[in-house]
Amino acid sequence: MTEPSSNQTADRLARLREAMKAEAADLVAIAPGSHMDWLVGFHPHPDERPCLLLVGAEKEAFLMPALNAEGTREHTDIAFHTWSDDLGPKAALGEALAAIGAEGAKTVVLDETMRADFALLVLDALPGATHAFTDRTLGRLRMVKDEGEIAKLKMNAEIADRAMQKAFAAIRPGMAEKDLAQAVKDHFAAEGAVPSFWIVGGGQNGAFPHHQSGDRPLAEGDAIVIDIGARKAGFPSDITRMAAVGRPPEGYGQIHTIVEKAVQAAMKAARPGVKASAVDAAARTVIADAGYGEYFVHRTGHGMGIDGHEPPYITATADTVLEEGMVFSIEPGIYLPGRFGIRLEEIVVLRADGPEILSGLPRDLHVAKA
């Protein structure tokens, strides 16, 4: 991903420290991954060697494997406390904690994605410390996107729109699901985006929300779920639209209309200050009231940023209060075993007056010639 300026890194570290103070956290320990990317713009190669960015109340430092130090130094001027394979990381970790004034930390925030052995290394170095995860500190900061992040998400959404249009144009009776998926992947690659996933579910395979595109040939009368995404400039895309080969299957139009109404209900419910669970409830109520509640088998949405799936999660139990600048999917669906499935997915940025949709494609069924 594109590295932030030193000013941006300093601003994010300052904001993290404000959140740490509010939560009475003495230390945040971050492993190589998306949290580190967001904070300092890169991460060293992740492997079994403990590598951690340690953020204290006033200072920060890296616990850094010696093997990675030289290649990482060009990315940051944050202090390194290196360790070698023959000595192990414990002494270097103690030195790093002392250097940032966190050797006596009582409350530690752990990156929830880090390896368990990394987490235990930190906790063993701080006997008696309590721990939490990042949902009220670093994770909360990441949920609200700045306009630079939103611009990259918008760019990726536009690429995904064009990849979806390429899929629509490529549909032919008799072609395999995986061949239609390949057309999508080829288009992403042509625009410099790295394909992340390519769900093509024809006919009864569309009733499996995470179907793996295979050899099944597309046939006249099939409804096709097309759910695709890729990454460019460090950010992802994600979109789902529906197509049919010729005349759609019996009953399709009624179900599509219900799912579309569920999307609209969720859009209407999504406002700053509203709990994420209320957005899920709005979509789920439409589908349940139409008699298809048991066939809506997943959450209404997920957040999106550096990661394709990240908080806020739009679920029935989510207590997250939505804020302006959050980015998430709205993607209700109905899946009828043995028949077909329908999912309509938008990625939205929450603005003061409601959701801004990143895609420019309509959610109407695309009908390909049989």
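Predicted, not measured: the structure shown is a model, and the values here were computed from it.

### Some details on the pattern of salt bridges
Then, number 1: As enumerated under the stated definition, the model contains 25 salt bridges in all.
Then, number 2: The salt bridge partner of R49 is E48, with a shortest N-O separation of 3.9 Å.
Then, number 3: Because the salt bridges share partners, they merge into one network encompassing D47, E48, R49 and D85.

### Description of the pairing of strand β8 (residues 223–232)
Then, number 1: Counting buried positions over the 10 residues of β8 gives 8, a clear majority of the element.
Then, number 2: Two strands pair when backbone bridges link them, and strand β7 (residues 194–202) and β8 are joined in this way by 8 bridges, in the antiparallel orientation. Counted as the bridge partner of V194 is R231 from β8.
Then, number 3: Two strands pair when backbone bridges link them, and β8 and strand β10 (residues 239–245) are joined in this way by 6 bridges, in the antiparallel orientation. Within the sheet, the bridge partner assigned to D227 lies in β10 and is T240.
Then, number 4: Pairing of β8 with strand β9 (residues 235–236), which is carried by 2 bridges, proceeds in the antiparallel orientation. Along β9, the bridge assignment pairs R231 with P236.

### What about the sheet that holds strand β6 (residues 130–132)?
Then, number 1: The strand order β4-β3-β2-β1-β5-β6 describes an open sheet built from 6 strands, whose pairing is mixed. The two strands at the open ends of the sheet, each matched to only one other strand, are β4 (80–83) and β6. Neighbour-to-neighbour, the strand axes of the sheet open up by a mean angle of 20°, direction not taken into account.
Then, number 2: Across 3 bridges, strand β5 (residues 107–110) lies against β6 in parallel orientation. Bridge assignment links V108 to a residue of β6, and that residue is H131.
Then, number 3: Against the sheet, helix α3 (residues 66–73) engages β3 (60–65) and β4, with an angle of about 125° to β3.
Then, number 4: Together, β1 (27–30), β2 (52–55), β3, β5 and β6 form the strand contacts of helix α5 (residues 116–125), whose direction differs from that of β5 by roughly 165°.

### Examining the packing of helix α4 (residues 90–99) against α5
Then, number 1: Look at α4 against α5: their axes get within 10 Å of each other, and the N-to-C directions meet at 60°. As summarised for this structure, α4 and α5 are arranged oblique, according to the angle between their axes. Read as a crossing pair, α4 and α5 show a hand that is right-handed. Contacts between α4 and α5 involve K90, L93 and L97 from the former and L121, V122 and A125 from the latter.
Then, number 2: By residue class, the composition of the contact of α4 with α5 is 5 nonpolar, no polar and 1 charged.

The rules behind the values
- Residues numbered from 1 in each chain as written.
- Predicted model: local features only at pLDDT ≥ 70, side-chain atom pairs only at ≥ 80, totals over all residues.
- Heavy atoms only, no water.
- Salt bridge = Lys/Arg side-chain N within 4 Å of Asp/Glu carboxyl O.
- Buried < 20%, exposed > 50% of the residue type's maximum accessible area, 1.4 Å probe, protein only.
- Helix = DSSP H or I, 4+ residues; strand = E, 2+ residues; numbered from the N terminus.
- Pairing = 2+ DSSP bridges.
- Axes fitted to C-alpha atoms, helices over the stretch in contact; angles between N-to-C directions.
- Contact = heavy atoms within 4.5 Å.
- Parallel < 35°, antiparallel > 145°, perpendicular 65-115°, else oblique.
- Left-handed = near helix turned anticlockwise from the far one by under 90°.
- Nonpolar A, V, L, I, M, F, W, Y, C, P; charged D, E, K, R; others polar.

Remember that the coordinates give geometry; whether it matters functionally is a separate question.
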